[in-house]
Structure formats: C-alpha cells, structure tokens
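Observations on the three-dimensional arrangement
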Amino acid sequence: MSDHEKIKEQKKFWEEVALKMALARFKMEKSPSRFYTPLDVEGFDFLEKVGFPGLYPYTAGTYPLMPYTAFTAKGAPPAGKGLVRASRYSGYGTPEDTRDYYKGVQQRGGRGGPNLAFDLPTQIGYDSDNPLVRGEVGKVGVCVDTLKDFEIIYEAYQGDLNLDRIASNFTINAPANIIIAFYAALAEKRGVPLEKLRATPQNDILKEYVARGTYIFPPRPAMRLFRDSLTFLIKYMPNVNVTSIGGYHIREAGATRVQDLAFSMAIGAAYLQEGVNAGLQVDSFAPKFTFNAFGGSMEMFKEVAFQRAARRMWAKILKERFGAQDFRSMLIRQVLGAHIGCSSTTAQRPLNNLTRAVVGAIAGAMSGAPPIVYPPYDEPLGLGWSLEAQQLSEDASRILLFEAKLSEVIDPLAGSYYIEHLTDEIENAAWEELKKIDDMGGAVAAVENGYMQREIARSAHERQQRIERQEDLVVGVNCFTDEKELDISINRIVPHPYDENKREEAEEKQIKNLTEIKRARDGRLVSRLLGELKEKAKNETENLIPHMIECAKAYVSIQEMCDVLRDVFGEYELSEI
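None of the values given here were measured: they were computed from a predicted structure. (Residues numbered from 1 in each chain as written. Predicted model: local features only at pLDDT ≥ 70, side-chain atom pairs only at ≥ 80, totals over all residues. Heavy atoms only, no water.)

1. Some points on the overall build of the protein
Summing up its helical and strand segments, the protein has 21 helices and six strands in all. Taking 577 residues into account, the globule formula puts the C-alpha radius of gyration at 25 Å, and the protein, at 25 Å, falls close to it. Overall size of the protein, expressed as C-alpha extent along the three principal axes, is 90 × 55 × 50 Å. Looking at the 577 residues of the protein, the share that counts as buried comes to 53%. Contacts in the protein between residues far apart in sequence, at least 24 positions, make up 77% of those at least 6 positions apart. The average position of the 71 basic charges and that of the 81 acidic charges among the side chains of the protein differ by 3 Å. (Helix = DSSP H or I, 4+ residues; strand = E, 2+ residues; numbered from the N terminus. Rg over C-alpha atoms; globule rule 2.2 N^0.38 Å. Buried < 20%, exposed > 50% of the residue type's maximum accessible area, 1.4 Å probe, protein only. Contact = heavy atoms within 4.5 Å. Lys, Arg positive; Asp, Glu negative; His and termini not counted. Charge placed at Lys NZ, Arg CZ, Asp CG, Glu CD.)

Here it is as structure tokens:
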C-alpha cells in the first residue's frame, strides 16, 4: 500500500470513528474545524509552487532578504536611519498647517518626506473657493490649489531634507498629473534636477471608479492621462514610481478576498497595457509599478495565503502575458504584507483595535513582510492618529521584531498542507474571476459596464448582512456587549497632532490666500496657457504634463486645469453604468 493510500485509509478511520464520536459528544453534525493532509496538496512541486524568496514565482517572498532586516539585524537602529521613505500618511487644514505638522514630526526625530493626504476638493479637481465644496476644504486632508501651496508645505523640507534627499507620497488619482507637475515645478524653482526626485503618486484611477469615488473624467480619457504620466516619468523622472495600485481600497469598499486579488490584477494589467501601447518595452517601466497594499481582514491564515497567491499571480502575468524578462518587473513592491485592514477596526471599545492590529502584524510576518502593527487603535475615531496610539503601534511592531523575532524566518508556513492548499485555492479562484474580466475586454470595459462596481456593492451588502445576523462576530459590536463589559481608555498625555481649531478655520484662510494668488499672478499668461492646454488635450498623442508644469509655474490652479480637461473629455457619471 502506498503512503497516499495509507493516509487516505487513516483519514477515513479518523472521520468515521474519532471525529464522529467527538461530534456526538458535543451534539454537532459538522465540525467547525478542518484538518489538512498531503491529500490536499497532491502533486505539490516546491520549486514550481513556492521556490525561494526573491526568485520566481516569488510565492515565498519578494526579496531574498527583507530590506528592513538589514537595518535591524544588529539591534535597534538609531532614529532616522534606514531606507529613504515617506513618513506616515498625513495632512490636514491649510498648507501652513500641514507644513507645521511635518516640522513637529521632525522635532520628534522623524526624517521621512511628506506622505500627503489631500482634501476631497483637491482630489476631485476643485479649488477651495468653489461654492460647491463649502465645508470640505482641509477636512480630510490638506487643501492644495496651486503651486504656492506646495511651496508652503515643502518649507518643512530644506537643507539635508531637500527634495533630492527625501521621498514623497501623493495620495491623488484623477488630478495626479497636476500634482506631479507641481512637484516638478517646485524642483525646478529650487534647482533640483527632475531625475533626482523620489516620489510615489498613487495614480490608480481605475480603482476610483469601483471603490473610492474620486474620479473626474470618463475611464478612457483618464487612461490617456495615466499613459502621459507613465511615459513622462520613465523618461524625465526615473526615480518616481508610476503608480501605487490599490487593492486595499477595493477590499475596504466591500470586495471579497478573491475580488480584491482579481480586480487588482486586472487593473494592473490595464496599466501595463497602456505602457505597451505607448511603444515601451514592459521591462522599461514595470519595475516602477508599486502596490499601495491589498486589503486585509482578521482571518490571519487566509490573508497569509492571499499575499503568497498575489505575488505568484502578478509574477505570472508579467512573465507569461507581457513577456517580462527583468525580475524587477515581476515583483510586488508594497510596504504592508498581510494586515487587518482599517475596516476591521471598531469605534466600540477601540483599544481592542491594538490587539487586532497585532494579529495583522503577525500575519504580515508570516506572509513574508514586516510585522507592522497597523492601523493605530484610534483609526475609527477621527482624522489622524493620536501620538499615544502611534506609540503603542510602533512599540508593538518593535516587540514582534526584536523580542518575538518574527523576522528570523521568511515564509515560515511554506509547505504547510493548509497554507499551500489555501494559496492555490485563492489563486485559482482569482484566475477564474480575472478571466471573466478579460472576456469583457479588460478592466476598463468592466468599469464602463459597471461589473466591478456591482460586484463590490453586492459583496459589501452580503458582509453587512452576515454581521447583522451574527454569522460574522465582531467583539464589542454584535457580541460581548452587555453592561458587564468594560470600555477601557488611555490617558491623553500630549496634544493631538492635528489642531481641530485650525482644521475648522482652514477653509476661510485658504480662500483668502487663493484669492490673493489669483489677484497677483499674470492673468494674461494664465489665459494663454489654459487655451494652449485645451488645444493640446484635443490631440490624443500630446503628453500634457510638460504643459501642466508651465501652468503650475504660472500659478494656474488645479480646478482651472481640470475645468479645461472637463470641457474636452467630459465628466464621468454614475448613471453611465
């Protein structure tokens, strides 16, 4: 009898005798737990399915040595040492408020560049003085109307923190090219060569249609703008990433794990195709694609398997569909590995979110990434994190790294019957979903016909129904909620880094500042530049970013440029689906 047959026979005995007796004892018809064996990974080929970290198919890990371990192997690194990175996602109020926030970060030892959160008017191409956006200016991020606002924010970055010594992140999509133009214009004013700039614009417009909603133009013109940024950055700003693809936002909007993976792959493939259609060889630009993150949940093992499947799937797409040969093209570069996702945090008994985030960080380490305890526990309580919450998260990450030593092994669950089966299961389901989208004509077509939007809405509704029926249990929300439970809080020992009064005053201050900028600039030059932008936008082959840089230097505003493009491209309407 072969080993396979022996295991099969023993499994049958276990199910019919041992397990059946246990179920009868507890008056259960079906076990809530499963046990995995070699039968669940028949034909498993280690080199084909897993391989070594940093080698195709990258299941085991993106890199042979995780970059962060190089700075931790000899003990706790000094503050400010390590890779050149942007700081935490941040920004609020006026540019002056955000500048002062970053100065405060630096006083506390921070050395990272700005990781800018923009307010909603900026994200959808409206100026702060537009009556349509009253009440929204500076609320969920910093307001940026013209180059002047960038000049003010970056007053915090001078000398050894000048533009060529830092990295910046810009969470912006529909008007991403204008923000890129502002950054380039700022560099020119400071005498910093464009090729020395390091930054990551999110620049992931397709997921806006299906998840976040900060779109402006219809998908096809929006993809033309993506192509403009891709070709411009590769040629003139080679150290700036092209995009940061956002499966994270797709899951947060309600997508399932499989939808998150399949939709992200479809969107990534659409962006890659834009570069190929522009006449570029895939290896010349694919290494500059990054992933903001994928989504997460409290289901630790499933999130570990998801990350492994994602790395393998992206590598296959690059190698087999696009013919990539450079290994750097096949890598998923992202800060986070497995994590819980902000939607797993609760406003009820919020300190429990620290425990949840630690679970996510352990999953991160198990998935071949750093054990980052994210988000801070007060994520659901309002804009920005308290310094106390940030401290707890950072210390928890340090404990997992230096005391628990979770970075000593890469992909420690490799070879587990359960994890390998689950990795295959998630990947196979995602390939099936991706085929549906490919058969529609790709991600752009699946946005235009509303498929992705409808599927996410359905999944979000189903999840909420499971919570309300107590099929999915959330501690402190739909279970363990009686009066005997304690709601524990911590003392606030330092002021919140975001000044609430300044945030409330931001709108009037910004309108006043913008009015002065528009009064003082050369109106004739602005009119001429906008007219030229309109003509160039009508020409499909024209790259608009060089002209946007000229507009930026003349203090043309975001809305003025976007209004010209609205006139040429039209606006996307939800009714279109």
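Let us keep going from here.
2. Topic: the packing of helix α11 (residues 257-277) against helix α17 (residues 451-468)
Two numbers describe how α11 lies on α17: the axes approach to 12 Å, and their chain directions differ by 165°. Taken together, the axes of α11 and α17 lie roughly antiparallel to each other. α11 and α17 meet at a crossing whose hand is left-handed. The residues of α17 that touch α11, namely those facing Q259, F263 and A266, are Y451, M452, E455, I456, R458 and S459. (Axes fitted to C-alpha atoms, helices over the stretch in contact; angles between N-to-C directions. Parallel < 35°, antiparallel > 145°, perpendicular 65-115°, else oblique. Left-handed = near helix turned anticlockwise from the far one by under 90°.)

3. Comments concerning the packing of aromatic side chains
Per the counting criterion, the structure on display carries 29 aromatic pairs. With a centroid separation of 6.3 Å and an interplanar angle of 85°, the aromatic rings of Y56 and Y58 are classed as edge-to-face. By relative accessible area, Y58 is classed as buried at 3%. With a centroid separation of 5.4 Å and an interplanar angle of 10°, the aromatic rings of Y209 and Y215 are classed as stacked. The pair Y209 / Y215 is uniform in exposure class, with both members buried. An aromatic cluster is defined as three or more aromatic residues linked by ring pairs; in this entry it consists of Y92, Y101, Y102, F150, Y154, Y157, F170, F182, Y183 and Y498. Of note, K319 hangs over the ring of Y56, and the distance from its end group to the ring centre comes to 4.1 Å. Here R566 stacks its cationic end above the ring of Y126, 4.5 Å away from the centre of that ring. (Phe/Tyr/Trp six-rings, centres within 6.5 Å; stacked < 30°, edge-to-face > 60°. Lys NZ or Arg CZ within 6 Å of the ring centre and 35° of its normal.)

4. Topic: the environment of A181
When you line up the elements, A181 lands in helix α7 (residues 176-190). Taking the C-alpha atoms as reference, A181 lies 8.3 Å from E550; in sequence the two are 369 residues apart. Every residue in contact with A181, bar those within four places of it in the chain, is listed here: M548, I549 and A552.

5. Focus: the pattern of salt bridges
Per the stated rule, a full pass over the model turns up 53 salt bridges. The shortest N-O distance in the salt bridge between K189 and E151 comes to 2.8 Å. On the criterion of sequence distance, the pair formed by K189 in helix α7 and E151 in helix α6 (residues 147-153) is long-range, its members being 38 residues apart. Its salt-bridge partner being R458, residue E462 comes within 3.2 Å of it at the nearest N-O pair. You can see E462 and its partner R458 sitting in helix α17, four residues apart, about one turn around the helix. On the basis of relative accessibility, which here comes to 35%, the residue E462 falls in the partly exposed class. When its relative accessible area of 36% is taken as the criterion, R458 is described as partly exposed. (Salt bridge = Lys/Arg side-chain N within 4 Å of Asp/Glu carboxyl O.)

6. Focus: the domain arrangement of the protein
According to the domain assignment, the protein contains domain 1 (3-35) and domain 2 (46-60 + 86-480). Domain 1 and domain 2 are separated by 42 Å when their C-alpha centres are compared. (Domains from an automatic or database assignment.)

7. A look at helix α20 (residues 545-553)
Within the span of α20, buried status applies to I545, H547, M548, I549, C551 and A552. Elements that come into contact with the buried residues of α20 comprise α6, α7, α9 (219-236), α19 (523-537) and α21 (558-569). Immediately beyond the C-terminal end of α20, within one or two residues, lies Y555, with a positive phi of roughly 65°.

8. Quick word on unusual backbone geometry
Excluding glycine, residues mostly carry a negative phi; peptide bonds, for their part, are mostly trans. Geometrically, the link from Y56 to P57 is a cis peptide bond, its omega value of 10° lying close to zero. Inspection of the secondary structure puts P57 in the loop between α2 (46-49) and α3 (67-70). For the bond running from Y374 to P375, omega is 0°, close enough to zero to count as cis. Structurally, the position occupied by P375 is in the loop between α13 (352-366) and α14 (387-403). Here the phi dihedral of Y58 falls at roughly 65°; this positive angle occurs in a residue that is not glycine.

9. Some details on the nonpolar core
One finds F150, Y154, F170, F182, L261, F289 and M452 to be the most contacted residues of the largest nonpolar core, which totals 121 residues. By size, the runner-up hydrophobic cluster in this structure holds 17 residues, among which are A357, A389, A396 and L400. (Core = buried A, V, L, I, M, F, W, Y, C linked by side-chain atoms within 4.5 Å.)

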